[in-house]
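An overview of the molecular structure
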Number of protein chains: 2
Amino acid sequence: MMEKQHRDSPLFKASDCVTMAHGSGGRLSTQLIDSLFKHYFDNRYLAQGNDSALLGLGRGRMVMSTDAHVISPIFFPGGDIGSLAVHGTINDVAMSGAVPCYLSAAFILEEGFPLVDLERVVVSMAMAAEAAGVAIVTGDTKVVERGKGDGIFITTTGIGFLDDSVNISGDLAIPGDVVMISGTVGDHGMAVLSKREHLCFETALISDSAALHGLVASMLEVSSNIHCLRDPTRGGLATTLHELAEQSQVSIILDEVAIPLHPAVRGASELLGLDPLYIANEGKLVCICPEDEVDALLSIMQAHPLGKNAAVIGHVLPKQWPPLQMRTPLGGVRVVDWLAAEQLPRIC
Amino acid sequence: MMEKQHRDSPLFKASDCVTMAHGSGGRLSTQLIDSLFKHYFDNRYLAQGNDSALLGLGRGRMVMSTDAHVISPIFFPGGDIGSLAVHGTINDVAMSGAVPCYLSAAFILEEGFPLVDLERVVVSMAMAAEAAGVAIVTGDTKVVERGKGDGIFITTTGIGFLDDSVNISGDLAIPGDVVMISGTVGDHGMAVLSKREHLCFETALISDSAALHGLVASMLEVSSNIHCLRDPTRGGLATTLHELAEQSQVSIILDEVAIPLHPAVRGASELLGLDPLYIANEGKLVCICPEDEVDALLSIMQAHPLGKNAAVIGHVLPKQWPPLQMRTPLGGVRVVDWLAAEQLPRIC
């Protein structure tokens, strides 16, 4: 498929825009689907040409996840709404321990959206899906009038298959467990914010958007006793840990100095008064496991390109108030709240 | 679940609206998910509480379909965006002959959208899903700023399982086959248009929005040789037949007097200068099969509440130009074009 990324002649002129007719189901819809989506997503499922895709079943159990992507701006350092829509849903499937296999993609386009931008997004999705070994098997395209949308929204739904021996869930953390993160926190949110607000920093802020199922697969090879995996997206690490603490009916204590933080994210956070604990990540995972699994897991994570800054960042305690607290560098302990709202809207 | 449709006290006040915080991933997001989505969609998959749902596998092969729903207005005679989002995706899965089992639902809400309307839509989805025997197993909710959306968009993705013996696809029509429709055409589109334009007709125009998998199941009981099934949604019957003719590399001739048409739709179409052949349906299917299957299929369709006006409406010819033509009441034959765009935007 990669050779298809480069057409001999451009598909669209710079002035070509999405029209209501592209969402009509008529001839123009079909042309858009054939020339753009089928061309770039090219696979035998999509080629079936029906309103649904007929797929082979994997073994074990099935995992399904869906995500609507409304990020603004749609192009940001390290990715775009297309790669994000592929990575985000793959990761939600992967956090169960399942192997992601199939994606659907539904586009809601605003009348007037430049077709060259749509092509750029579709190419990015195709490349992200191919790199991840996942096929985009079915889709839908709708168009809304100018002012009734915001350029492009993409909803992806993912299907994966899970070996019967794997049992990972947000409600399985128990006191004594160790909390790990696969790398630096806040990279995605700060990269998007810097682009949105036209901020310039000395060091580049780049989104960590990535598909994590390869990292998960390598972790499952060395441990059959991972309790929880979750990707700390909207709401960041703090929100994810609150969710896990509530689901497992436990409490969690973090060690502030252990939490990996990119210097540029640290600097930008201080400048803007934002707490990186609440800022979205799109290529990180939290892993909760028994103490005796930590060495093997940490080694294999650190050996993987997406886990090289992996670290132990906290421990699970019996349920108590507060559900989430953090040991500060000076040795004190502070409460880490569950925010009512996130600091940054439309981050994914 | 039905008893949950009636709360003792209302969940929201009339003035309560969606805020950006409802899409933040923080505490308000969680409250909305728990009080609304988990409450009404209530099932053991959703109750898992992870970012994905762990599901049992059916037998045979799997079918996946997705649809973004952007209909305007969201409430219309005979349904709303919620029931439509359930029926539309169930039908796309059912047209392969598969039994729909699981749905995901992703909501894109506009800041300021009334929460009472959201609850009404969610209740409608829950009732439609329960009536269809399908579980809404996972979901996502995003919020965009006022003016960047249009109240509510819902993307549903459906999974069904298909017996290995069933082989139905848009490319299987052959010359000599018979074309049937399960009932009157244009009901959905005209009902939405009448509501949108505040038109009043003597006879009520009501959407035909319905889940068709029960009808398909009864058809599969009497015939193992159905070639094509498709629901003529956006673009109506004419567009669907053009798609099937192209996919199967055949031509189709329709018999105009045989096409069932509700008198109110006929009247409204004449008044508005719209051709009901191009108007969307949401509870009808086109069936193409060999001549010797027709009697059994037509009988079973007409015995089903959703097929009581089923009729033979045309025949499949060898590929020729035009791909779609129609015998008129006076005995002439006219070309039925593939429109570039649909007559009615945002009809589903």
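In this text, all values refer to a predicted model and were calculated from it rather than measured experimentally.

What to know about the packing of helix H1 (residues 27-41) of chain A against helix H3 (residues 115-132) of chain A
Residue and element names in this part refer to chain A. Direction vectors running N to C along H1 and H3 enclose 30°, while the axes themselves pass 8 Å from each other. When the interaxial angle is binned, H1 and H3 end up roughly parallel. The interaxial crossing formed by H1 with H3 has right-handed handedness. Residues Leu32, Leu36, Phe37, Tyr40 and Phe41 of H1 form the contact with H3, whose own contacting residues are Leu115, Leu118, Glu119, Val122, Val123, Met125 and Ala126. A breakdown of the residues in the contact of H1 with H3 according to their chemical character gives 11 nonpolar, no polar and one charged.

What to know about the interface of chain A and chain B
With 75 residues of chain A in contact, the opposing surface of chain B contributes 75 residues. In total, chain A and chain B occlude about 5,900 Å² of area from one another, counting both sides; carbon and sulfur atoms represent 56% of this. Considering only the side of chain A, the residues that lose the most area to chain B are Met62, Met64 and Arg234 of chain A, jointly responsible for 12% of the buried surface there. Residues Glu145 of chain A and Arg346 of chain B are paired through a salt bridge, measuring 2.7 Å at the closest nitrogen-oxygen approach. The interface formed by chain A and chain B contains 33 residue pairs in polar contact (both at pLDDT 80 or more). The set of elements that each furnish at least two residues to the side of chain A that touches chain B consists of H1, strand E1 (53-55), strand E2 (61-69), strand E5 (99-110), strand E6 (135-144), strand E7 (152-162) and helix H6 (236-248) of chain A. When the residues that make up the side of chain A that touches chain B are grouped by side-chain class, the tally is 30 nonpolar, 27 polar and 18 charged. Both E1 of chain A and strand E2 (residues 61-69) of chain B contribute to a ladder of three bridges, which runs antiparallel. Within E2 of chain B, the residue paired with Ala53 of chain A across the bridge is Met64 of chain B.

A look at the sheet that holds strand E8 (residues 178-181) of chain B
All names here are of chain B. Spatially, seven strands are ordered E9-E11-E8-E12-E10-E13-E14 in an open sheet, and the strand pairing comes out mixed. Each edge of the sheet is formed by a strand with only one pairing partner; in this case those strands are strand E9 (228-230) and strand E14 (333-335). Taken over all neighbouring pairs, the strand axes of this sheet differ in orientation by 25° on average, direction set aside. Here strand E10 (residues 250-255) pairs with strand E13 (residues 324-327) via four bridges, running parallel. Its bridge partner being in E13, Asp255 is matched across the sheet by Arg327.

Focus on the confidence of the model for chain A
Here chain A shows a mean pLDDT of 94. Residues at 70 or above account for 97%. For this predicted complex, the interface confidence score (ipTM) comes to 0.96, while the overall pTM stands at 0.96.

Overview of the domain arrangement of chain A
All names here are of chain A. For chain A, the domain assignment lists domain 1 (20-162) and domain 2 (178-335). Distance from the C-alpha centre of domain 1 to the C-alpha centre of domain 2: 27 Å. At the junction of the two partners, domain 1 supplies 19 residues and domain 2 supplies 20 residues. For the pairing of domain 1 and domain 2, the buried interface totals around 1,600 Å² over both sides, and the portion due to carbon and sulfur atoms is 63%. Counting the surface domain 1 buries against domain 2, the share from its top three residues, Pro77, Asn91 and Met95, is 35%. Connecting domain 1 to domain 2 are eight residue pairs in polar contact (both at pLDDT 80 or more). Here the side of domain 1 that touches domain 2 is composed, by residue class, of 11 nonpolar, seven polar and one charged.

Conventions and cut-offs
- Residues numbered from 1 in each chain as written.
- Chains lettered and ligands numbered in written order.
- Predicted model: local features only at pLDDT ≥ 70, side-chain atom pairs only at ≥ 80, totals over all residues.
- Heavy atoms only, no water.
- Axes fitted to C-alpha atoms, helices over the stretch in contact; angles between N-to-C directions.
- Helix = DSSP H or I, 4+ residues; strand = E, 2+ residues; numbered from the N terminus.
- Parallel < 35°, antiparallel > 145°, perpendicular 65-115°, else oblique.
- Left-handed = near helix turned anticlockwise from the far one by under 90°.
- Contact = heavy atoms within 4.5 Å.
- Nonpolar A, V, L, I, M, F, W, Y, C, P; charged D, E, K, R; others polar.
- Buried area = accessible area lost by both parts, 1.4 Å probe.
- Salt bridge = Lys/Arg side-chain N within 4 Å of Asp/Glu carboxyl O.
- Polar contact = N/O pair within 3.5 Å; in protein donor to acceptor, adjacent residues only side chain to side chain.
- Pairing = 2+ DSSP bridges.
- pLDDT = per-residue confidence, 0-100.
- Domains from an automatic or database assignment.

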